[in-house]
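# Structure assessment
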Amino acid sequence: MTSLPEGDGLSLNLVGVLGATSSVGACLLPMLIEAGWQVTAFSRSAVGQSGDRVAWRRLAPSSPAPLMESLVIRSGHQTATTPSPDLPRAGEKSISFWVCVAPIWVLPDYFALLDAQGARRVVVVSSTSRFTKDDSSDPEEQAIALRLADAETRVREWAESRGVEWVILRPTLIYGLGRDKNIAEIARFIRRFGFFPLFGEASGLRQPIHVADVAGACLAALRAPCAANRAYNISGGETLTYRNMVARVFSALCRRPRLLTVPLWTFRLAVAMLRRLRRYRQWSTAMAERMNRDLVFDHAEAARDLGFKPRAFMLSAEDVAA
């Protein structure tokens, strides 16, 4: 398949973003604008403020059908709504380029939308969890791995059946902006309890990747000719043990590390109690078991094809904000 043209026409600079209010979307939108893209941002939650380079569309939150409820345009003090077609309106150019930063298993619900818009390339964010959780002792985590793998297959089959170029990005442990369920969750636990429990030596290696680096990879994948129809693992720029990763969180919070090594049975008991609290319902003993497993992925192919250069694991105050 031939590579997508750079082009001077505005139609080649139009991009649709699904999941635009996510943390990756929050980083991606300004990057796209700076790079000269005209963005149509889609979200099932409340839409953002439209401007010269971003138009927001709200997707129906309760229906899997890929139809927009309305196009909400806010300009100054004026608000206007239009009907909710999935086809381009008269005088409106179709959107050939797409980025999905919503959970990948959501994308099949919107294949009809991409079909109607004449999509030519779609960049999708998946996760390395499809590999690291497939043999988890927790059935819920196994289900997540299967869901990711199935969604990747569906995206590839749909795209290839229509001649659409696809790029799948699989980040490792994502952090940043204080909105993630990894580092930010560890920080919240430390604030609440003043310590963090570890199972054994917690010597398993990790490569945390900042959300802005994930967004940067999405931007690069939109145009990279050699990225067509390829999947990339993208990891952080530093490899460190789980124990050291948690210690860095203490440092970012300006606290002396208090790492409590506990046996697995104690961890199981603690998780059972914590899961009664809504915030910790996703915790499991499988998390403890993985603390001593290396979850490391090579991103050399992404570096070669996308110019991917992730930052080291340096936490800002925003990354561990309450």
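Every value quoted in this text rests on a predicted model; they were computed, and no experiment measured them.

### Quick look at the overall build of the protein chain
When helices and strands are counted, the protein chain shows 10 helices and 15 strands. The 322 residues of the protein chain split such that 51% are buried. Considering only intrachain contacts with a sequence separation of at least 6, the fraction spanning at least 24 residues in the protein chain is 72%. When the accessible surface of the protein chain is summed, it comes to about 14,900 Å², and 53% of that surface belongs to carbon and sulfur atoms.

### A word on the environment of Lys 133
With respect to the helices, strands and loops of the structure, Lys 133 is situated in the loop between helix H3 (129-132) and helix H4 (139-162). When the C-alpha atoms of Lys 133 and Ala 143 are compared, they prove to be 8.6 Å apart, with 10 residues separating the residues in sequence. Beyond its immediate chain neighbours, meaning those up to four positions away, Lys 133 contacts Glu 141, Gln 142, Ala 145 and Arg 290.

### What about the side chain of Asn 13?
One can find Asn 13 in the segment before strand S1 (14-18). Of note is the side chain of Asn 13, whose polar atom sits 3.2 Å from the side chain of Arg 223. Every residue in contact with Asn 13, bar those within four places of it in the chain, is listed here: Gly 36, Trp 37, Gln 38 and Arg 223.

### Here's the deal with the pattern of salt bridges
Across all of its chains, the model carries 13 salt bridges by this definition. Here Arg 304 makes a salt bridge to Asp 305, at a shortest N to O gap of 2.7 Å. Exposure remark for Arg 304: the relative accessible area of 53% places this residue in the exposed category. Classification of Asp 305 as buried rests on a relative accessible area of 12%. Sharing partners across several salt bridges, the network here consists of Arg 130, Glu 152, Arg 156 and Arg 170.

Rules and cut-offs
- Residues numbered from 1 in each chain as written.
- Predicted model: local features only at pLDDT ≥ 70, side-chain atom pairs only at ≥ 80, totals over all residues.
- Heavy atoms only, no water.
- Helix = DSSP H or I, 4+ residues; strand = E, 2+ residues; numbered from the N terminus.
- Buried < 20%, exposed > 50% of the residue type's maximum accessible area, 1.4 Å probe, protein only.
- Contact = heavy atoms within 4.5 Å.
- Areas by Shrake-Rupley, 256 points an atom, 1.4 Å probe, with all protein chains shown as cover.
- Polar contact = N/O pair within 3.5 Å; in protein donor to acceptor, adjacent residues only side chain to side chain.
- Salt bridge = Lys/Arg side-chain N within 4 Å of Asp/Glu carboxyl O.

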